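Okay, here's what each chain looks like letter by letter:
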Amino acid sequence: MVYLKVFKLHKKICMTIKNTNKFVKTIWFFSEKKRTRKKIFGDIYFKVILNILFIKSKNKMLINSYVSIFQRLFFGLLKDFLLFLELRGTGFKFELQDSFLLLRLGFSHLVNIKILSGINLIILKTNLIILKSFDLQFLTKFCSQIKRFKALDSYKGKGICYKGTTLILKEGKKTQQ
């Protein structure tokens, strides 16, 4: 059985499809100021007619996953995604130097992270930054790399987390009397 999904493109987004070989396709997406590409693997076929995208495949789950990826990508091309990262702990700081994010995390050294192209970074306070990008998957991957340097401690509540994350602290070791 062959499944077909029809997806209407926004009028400000253009799309071109390049077939590399039978199973790999490269799709370019363009908006007024941004452009990106996605490599598509598998037995799935795309066709664009008058700003309507037709997706055809024998695998229904594959179609649905690409539709959700495209919806996030189209939203990101029209409006950027924002993620807020917060440092919790005394003496922890974010600093910006050229194209590097410097983290003071209580170690004996600074942690340097290169800010990747396609990501804009704004420091609101020394412990709060905004990360901005049109690709949500790329942005969350970059945020998780930053968060890995100082994971949120469940006993003291220190570390890097998304803003608004609630944490229930665990009780420490009790002393017997």
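Scoring rules and cut-offs
- Residues numbered from 1 in each chain as written.
- Predicted model: local features only at pLDDT ≥ 70, side-chain atom pairs only at ≥ 80, totals over all residues.
- Heavy atoms only, no water.
- Salt bridge = Lys/Arg side-chain N within 4 Å of Asp/Glu carboxyl O.
- Buried < 20%, exposed > 50% of the residue type's maximum accessible area, 1.4 Å probe, protein only.
- Pairing = 2+ DSSP bridges.
- Helix = DSSP H or I, 4+ residues; strand = E, 2+ residues; numbered from the N terminus.
- Axes fitted to C-alpha atoms, helices over the stretch in contact; angles between N-to-C directions.
- Contact = heavy atoms within 4.5 Å.
- Expected span 1.5 Å × (residues − 1).
- Arc of directions from axis to C-beta.
- Core = buried A, V, L, I, M, F, W, Y, C linked by side-chain atoms within 4.5 Å.
- Phe/Tyr/Trp six-rings, centres within 6.5 Å; stacked < 30°, edge-to-face > 60°.
- Lys NZ or Arg CZ within 6 Å of the ring centre and 35° of its normal.

What follows concerns the pattern of salt bridges. Close approach of charged atoms allows side chains with opposite charge to pair. On inspection of all chains with the given rule, the structure shows 4 salt bridges. Here E95 ties to R104 by a salt bridge, and the two come within 2.6 Å at their closest N and O atoms. Assessed through its relative accessible area of 24%, E95 is described here as partly exposed. E171 is the partner of K174 in a salt bridge, and the nearest nitrogen-oxygen pair spans 3.2 Å. Take E171: its relative accessible area is 58%, and that puts it in the exposed class.

A separate point is the sheet that holds strand 1 (residues 3–8). If you trace the 3 strands from one edge of the open sheet to the other, you get 1-6-5, paired in antiparallel fashion. Every other strand in the sheet has two partners, leaving strand 1 and strand 5 (44–49) as the edge strands with one partner each. Strand-to-strand twist across the sheet, computed as the mean angle between neighbouring axes with direction ignored, equals 20°. Strand contacts of helix 1 (residues 60–78): strand 1, strand 5 and strand 6 (52–57), with the helix running at about 10° to strand 1, the strand carrying the most contacts.

Let us look at the sheet that holds strand 11 (residues 120–125). Taken in spatial order, the 4 strands of this open sheet run 11-12-7-13, and their pairing is antiparallel. Every interior strand has two partners, whereas the edge strands, strand 11 and strand 13 (159–162), have only one. For this sheet, the mean inter-axis angle between neighbouring strands, taken without regard to orientation, is 25°. Looking at chain direction, strand 7 (residues 81–88) and strand 12 (residues 128–133) are connected through 6 bridges and run antiparallel. If you follow F84 over to strand 12, its bridge partner there is I130.

Below, the discussion takes up unusual backbone geometry. The residue D98 is not glycine, and still its phi comes out positive at about 55°. Looking at the element boundaries, D98 is found in the loop between strand 8 (93–97) and strand 9 (100–104). You can call D98 exposed: its relative accessible area is 77%.

Look at helix 2 (residues 136–147): 16 Å from first C-alpha to last across 12 residues, which is about the 16 Å you get at 1.5 Å a residue. Restricting attention to buried positions, one finds in helix 2 the residues L139, F142, C143 and I146. Projected onto a plane normal to the axis of helix 2, the buried residues spread over an arc of 100° and lie on a single side. Looking at the packing, one finds that the buried side of helix 2 touches strand 7, strand 9, strand 10 (111–114), strand 12 and strand 13.

In this section: the nonpolar core. Residues L85, L101, L103, L131 and I146 are the most contacted members of the largest nonpolar core, which totals 21 residues. When contributions to this core are tallied by element, the ones reaching two or more residues are strand 7, strand 9, strand 10, strand 12 and helix 2. For L85, the contacting residues outside a window of four places in its chain are F94, N127, L128, I129, L131, C143, I146, K147, I160, C161 and Y162. Within the second largest apolar cluster, 19 residues are counted, among which are L9, I40, L53 and F134.

Here we come to the side chain of D135. Examined against the element boundaries, D135 turns out to sit in the loop between strand 12 and helix 2. Those residues in contact with D135 that lie beyond four places of it in its chain are K38, L73 and F81.

This part is about the packing of aromatic side chains. Scanning all chains against the criterion turns up 5 aromatic pairs. Each ring, one from F46 and one from Y66, has its centre 6.3 Å from the other, and the planes form 85°; the classification is edge-to-face. With F46 in strand 5 and Y66 in helix 1, the pair connects residues that are 20 residues apart, well separated along the chain. A relative accessible area of 12% places F46 in the buried class. Here Y66 and F70 contribute two aromatic rings whose centre-to-centre distance is 6.1 Å and whose plane-to-plane angle is 35°, an arrangement assigned as tilted. Of this pair, Y66 and F70 both sit in helix 1, separated by 4 residues, roughly a single helical turn. Each member of the pair, Y66 as well as F70, carries the same accessibility label: buried. Feature note: the residues F46, Y66, F70 and F74 constitute an aromatic cluster, connected by ring pairs. We note K114 situated over the ring of F100; from NZ or CZ to the ring centre the distance is 5.7 Å.

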